[in-house]
Amino acid sequence: MAFNLTDEQKMIQHMIREFSRKVVAATAAERDRTKEFPADNLKKMSDLGLMGMMVPLEFDGSAADTVGYVLALSEIAYSCASTAVVMSVHNSIVCESILNFATREQKEKYLKPLAMGKMIGAFALTEPHAGSDPVSQSTTAVRDGDEYILNGTKRFTTTGKNAGLIIVTAKTDEAMRHKGISAFMVEQGTPGLIVGGIEDKMGLRASDTADLIFENCRVPAGNMLGDPGDGFKIAMKGLDGGRIGIAAQSVGVAGAALDAAVKYAKGRAQFGRKISKFQGLRWIIADMATELEAARQLMLSAAAMKDRGENYTAQASMAKLFASEMVNRVTAKALQMHGGYGFTKDYPVERFYRDARVFTIYEGTSEIQRIVISNNILKDKRKP
Ligand code: CAA
């Protein structure tokens, strides 16, 4: 491959590949059926340092770079996309936002246990009437002495039920539009924070997606992340990194679908020969592998830009856009190659197909990614 991985990045990839295919894969189909949260996987992943991958050693993290992180995340997604999305939101959005915006004291209190996997993080931005347009959110936070009182409802919060800490955005100044949104770190169990309905989803079934209801929920003012009005910026920056994570999830699931399709095509005989001998299917395999490789390169290059400290907003959106659309095509082709068996639960491709469907939707739809990419191109002063 064109991208030169360092020895450390290769080591991470090989180690997590082995772990994922032996341990995480073993329960993925069953979890998809039972919707059981992957707490035991996450515990083992914490022991391997996967829950604070990009957190510096001084805050008990693994101090890996983003390239190493996306390689690890895609290996987890190869085996279980539900486990991967928990890892992704926790690392890419929650740990990164706290690392970038929290005070030293807040990092000691929250980043350390998060990085050790002692608590899982969630990020609550979306609301019932504010999805693609988070500026129109209506959750409020009103200062009262040393506390803020939160009221409102957050929707589609990944790990909303099982998280120990939730980064919540809320309006502290209605008139200021996006500059009037602030972010708070809210501990699960805080009085007034109620876990509402859990979605019954077509995919990623072992990852809980919850409504979080805030009813006069009092949060210490010291739990604000960043300054008043920083909430939208924190969310956008968090989503930049999160979107590379969704690209990594897409690459992982597409890799699993491609491998499953190749295995099936080599084993299945029709018309007196293995179906892998038919040119029609060989060309489909070639297209699947090519677009998977293109997505992998976009993912790695966005991650490397982040590691170099460059502005990677557009590249993260390109990687997310292309990889999430790619995995929907690749899983559909893998299922088609399995014929009628692909439509059954005897083979894993129907799960890959269902899990992949949300990748073009969450952490910004494909349409939002196109807005982000075109905005960045059009405002680039180096362009004509
Ligand atoms: N980094 C830092 N700052 C950013 C930024 C970025 N990537 N993107 C925008 N900003 C800043 C801008 O610079 C601007 O700041 P100033 O006013 O100081 O100049 C400000 O934010 C407003 O920017 P825009 O005018 O571009 O904002 P907008 O309202 O037009 O929205 C948007 C832009 C890209 C459409 C954005 O609203 C967006 O990304 N929407 C999708 C939200 C999304 O992805 N939601 C999914 C959440 S995932 C989830 O909820 C589930 C889960 O569990 C993870």
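It should be noted that the structure appears before, not after, this text.
Anyway, here's the lowdown on the structure attached to this text. (Residues numbered from 1 in each chain as written. Predicted model: local features only at pLDDT ≥ 70, side-chain atom pairs only at ≥ 80, totals over all residues. Heavy atoms only, no water.)

1. Some words on the pattern of salt bridges
One pass over the structure, following the stated rule, counts 26 salt bridges. We note a salt bridge from E310 to R308, for which the minimum N-O separation is 2.7 Å. Residue classification places R308 among the exposed residues on the basis of a relative accessible area of 53%. Via salt bridges that share partners, D32, K345, E350 and R354 belong to a single interconnected network. (Salt bridge = Lys/Arg side-chain N within 4 Å of Asp/Glu carboxyl O. Buried < 20%, exposed > 50% of the residue type's maximum accessible area, 1.4 Å probe, protein only.)

2. Observations concerning the environment of N223
In this fold, N223 is placed in the loop between β7 (209-220) and β8 (224-225). The exposure class of N223 is buried, given its relative accessible area of 8%. If near-sequence neighbours (up to four positions away) are discounted, N223 is found in contact with Q106, Y110, A183, F184 and M185. (Helix = DSSP H or I, 4+ residues; strand = E, 2+ residues; numbered from the N terminus. Contact = heavy atoms within 4.5 Å.)

3. Topic: the site of the ligand
Neighbouring the ligand are 23 residues, the closest being T126, S132, H178, D240 and R243. Within the contact set of the ligand, an oxygen atom lies 2.8 Å away from a side-chain nitrogen or oxygen of T126. A distance of 2.9 Å separates an oxygen atom of the ligand from a polar atom in the backbone of G364. When the ligand is considered free in solution it has 1,100 Å² of accessible area, and contact with the protein chains removes 69% of it. Listing elements by their share of the shell around the ligand, those giving two or more residues are β3 (147-158), α7 (231-267) and α11 (366-379). Residue classes in the shell around the ligand are distributed as ten nonpolar, eight polar and five charged. (Near = heavy atom within 4 Å. Polar contact = N/O pair within 3.5 Å; in protein donor to acceptor, adjacent residues only side chain to side chain. Areas by Shrake-Rupley, 256 points an atom, 1.4 Å probe, with all protein chains shown as cover. Nonpolar A, V, L, I, M, F, W, Y, C, P; charged D, E, K, R; others polar.)

4. Regarding the side chain of S82
Assignment of secondary structure puts S82 in helix α5 (residues 81-101). Taking relative accessible area as the criterion, S82 reaches 5% and is therefore assigned buried. Within polar-contact distance, the side chain of S82 engages the backbone nitrogen of A206 at 3.2 Å. With residues near it in sequence (within four places) discarded, S82 still touches L204, R205, A206 and S207.

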